[in-house]
Amino acid sequence: MIKTEIIRVNPEAPDEGALAQAAAILRRGGLVAFPTETVYGLGAVIYNRVSVKNIFTVKGRPGDNPLIVHIYREEQIFELARETPAAAMVLARRFWPGPLTMILPKREGIPVEVSAGLPTVAIRLPSHPVARELLRLTDLPVAAPSANLSGRPSPTRGSHVITDLNGKIEMIIDAGPTGVGVESTVLDLTGLRPRILRPGGVTREMLEAVLGAGAVETPEALNDSRPLAPGMKYRHYAPQAPLRLLTGETRVIHTFLQERVDQARQAGKKIGVIGYDEDQGIPSCRTEVTFFSLGRRSNPAEGAERLFHLLRLCDQAGVDEIYAVAPPRTGVGEAVYNRLLKAAGGKVEEIK
Ligand code: TXA
Ligand code: MG
């Protein structure tokens, strides 16, 4: 156990003094958890190999899962990447600062711990004012995975980070809820066509609006349990209770859930349902189950913002089983669907 300093900052007007202290910790090799617009990150300066290794230890992260390098100036891309295809620069101009991570061939000099031995590097320029100011004051690239224990839902509130990492790192900067709520889109630019390895805040539709219709490959494997980014092969985002992801007609799903709720009641089990505002109408959802709403089905951004918080609430409520109604796969809904699929162990059940 070490003493973790927890500081609360206003995301709109972050306190310079506090962030200067955080930057000093990073520069001398400490670990700092900080907010980004997607999820909280656990940062270390990339050139400090011992600190980067510490990230893996603290999270319990498998050593073959590379980290994303965070920068604050677009030109830092040249310090990290050996080649920068034209598409990378176009996308950087359009989507940075913001939730897009680009995979490029890495320069020598980036420690193997960061890239987990791969010849590539993941680069992202976040838009959260606290992240930007911290990166500017640190003035060195910062490797940062999500600031959760490996396998747990990513943290979208300071309190989630405190639950997972208090006593393990030097500092936690709490600036409230993160906003986007799902991690950045990971886009591989090292092949013939750009390929989405992890759907996120920058949607395929947004990328294709810039690169042209059909320009972006979205591998089928995103929809099952085969891994693309090394990190996607592990059980992920998982609440403690088993989660089942359901698709089908709303009416049919509601009937199915009603049956499951009745069975669970007889067996003395507690059920959690993750669905949309519209699904709260399932009669016994009002009393017999704990219902967690992803907001309006018509606005996938609401679901993205809430998803990881709800998964943690399921744990707190101590439910025995979780049923999740599959999100519409448009816009950022694709990322929400992808995270729920991982939480469900790669399986989706069509209810008929
Ligand atoms: O929004 C985000 O991206 C957050 C915030 C903190 O920036 N970070 C984040 O990091 O989600 P992490 O480590 O939880 O997820 C990084 C993902 C993993 O699936 C990893 O395997 C993949 O990016 N990745 C990193 N470097 C890669 C590389 N060189 N090639 C392929 N995938 C890579
Ligand atoms: Mg993560």
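Since we're looking at a predicted model, the values are computed, not measured. (Residues numbered from 1 in each chain as written. Chains lettered and ligands numbered in written order. Predicted model: local features only at pLDDT ≥ 70, side-chain atom pairs only at ≥ 80, totals over all residues. Heavy atoms only, no water.)

**Focus: the overall build of the chain**
What the chain contains, in helices and strands, is 11 helices and 15 strands. In terms of C-alpha radius of gyration, the chain reaches 20 Å, essentially the compact-globule figure of 20 Å for 352 residues. On the principal axes, the C-alpha backbone points of the chain span a range of 60 × 50 × 35 Å. The buried share of the chain, taken over its 352 residues, is 58%. For the chain, the proportion of contacts with a sequence separation of at least 24, taken over those separated by at least 6, is 68%. (Helix = DSSP H or I, 4+ residues; strand = E, 2+ residues; numbered from the N terminus. Rg over C-alpha atoms; globule rule 2.2 N^0.38 Å. Buried < 20%, exposed > 50% of the residue type's maximum accessible area, 1.4 Å probe, protein only. Contact = heavy atoms within 4.5 Å.)

**Details of the side chain of D188**
By the element assignment, D188 lies in strand β9 (residues 185-188). Comment: no salt bridge for buried D188; closest opposite-charge side chain is R195, at 4.4 Å. Separated by 2.6 Å, the side chains of D188 and T190 make a polar contact. In this structure D188 touches I103, R193, P194, R195 and L197, once residues within four positions along its chain are discounted. (Lys, Arg positive; Asp, Glu negative; His and termini not counted. Salt bridge = Lys/Arg side-chain N within 4 Å of Asp/Glu carboxyl O. Polar contact = N/O pair within 3.5 Å; in protein donor to acceptor, adjacent residues only side chain to side chain.)

**Quick look at the packing of aromatic side chains**
Evaluation of the coordinates by the stated rule reveals 1 aromatic pair. Geometrically, the ring pair formed by F256 and Y323 is edge-to-face, given 6.1 Å between the ring centres and 75 degrees between the ring planes. Taken as a pair, F256 in helix α9 (residues 250-267) and Y323 in strand β14 (residues 321-325) lie far apart in primary sequence, 67 residues in all. In this structure, F256 and Y323 share a single accessibility class: buried. Across the ring face of Y337, the terminal group of R329 is positioned such that the distance to the ring centre comes to 4.1 Å. (Phe/Tyr/Trp six-rings, centres within 6.5 Å; stacked < 30°, edge-to-face > 60°. Lys NZ or Arg CZ within 6 Å of the ring centre and 35° of its normal.)

**What about the domain arrangement of the chain?**
For the chain, the assigned domains are domain 1 (5-211) and domain 2 (243-350). Just the C-alpha atoms count here: the centres of domain 1 and domain 2 sit 29 Å apart. Taken together, the contact between domain 1 and domain 2 spans 23 residues of the former and 14 residues of the latter. Around 1500 Å² of area is buried between domain 1 and domain 2 when both sides are counted, 52% of it from carbon and sulfur atoms. One can count 4 salt bridges joining domain 1 with domain 2. In this structure, the salt-bridge partner of R152 is D315, at a minimum N-O distance of 2.8 Å. Sort the elements by how many residues they give to the side of domain 1 that touches domain 2 and helix α7 (residues 158-165) lands first, with 3 residues. (Domains from an automatic or database assignment. Buried area = accessible area lost by both parts, 1.4 Å probe.)

**So, the sheet that holds strand β15 (residues 348-350)**
With parallel pairing, 5 strands are arranged side by side in an open sheet as β13-β12-β14-β11-β15. Each edge of the sheet is formed by a strand with only one pairing partner; in this case those strands are β13 (290-293) and β15. Ignoring strand direction, the axes of neighbouring strands in this sheet form an average angle of 25 degrees. Relative to β13, strand β12 (residues 271-275) runs parallel, the two being bridged by 4 bridges. Bridge pairing in β13 links G275 to S293. (Pairing = 2+ DSSP bridges. Axes fitted to C-alpha atoms, helices over the stretch in contact; angles between N-to-C directions.)

**Section: unusual backbone geometry**
Here the bond from W96 into P97 is cis, since omega is -5 degrees, no more than 30 degrees from zero. Tracing the chain through its elements places P97 in the loop between α4 (86-95) and β5 (100-105). Backbone geometry at A116 places phi at a positive 50 degrees, although glycine is not the residue there. Tracing the sequence through the fold places A116 in the loop between α5 (112-115) and β6 (120-124). Phi is positive for D139, which is not a glycine, with a value near 60 degrees. Relative to the helices and strands, D139 is located in the loop between α6 (129-138) and β7 (142-143).

**A closer look at the side chain of S293**
Residue position: S293 is located in strand β13. The exposure class assigned to S293 is buried, which follows from its relative accessible area of 11%. From its side chain, S293 meets the backbone nitrogen of G295 in a polar contact 2.9 Å long. Aside from chain neighbours lying at most four places away, what touches S293 is G275, Y276, D277, Q280, R306 and L310.

**Looking at the nonpolar core**
In terms of nonpolar packing, the biggest core is built from 64 residues, with L42, W96, L100, M102, I123, I173 and L207 touching the most fellow members. Contact partners of I123, with chain neighbours within four places excluded, come to I68, V69, I71, I77, L80, A81, W96, L100, T101, M102 and L104. Core analysis: the next-biggest nonpolar cluster, separate from the first, contains 27 residues, F292, L307, F308 and L311 among them. (Core = buried A, V, L, I, M, F, W, Y, C linked by side-chain atoms within 4.5 Å.)

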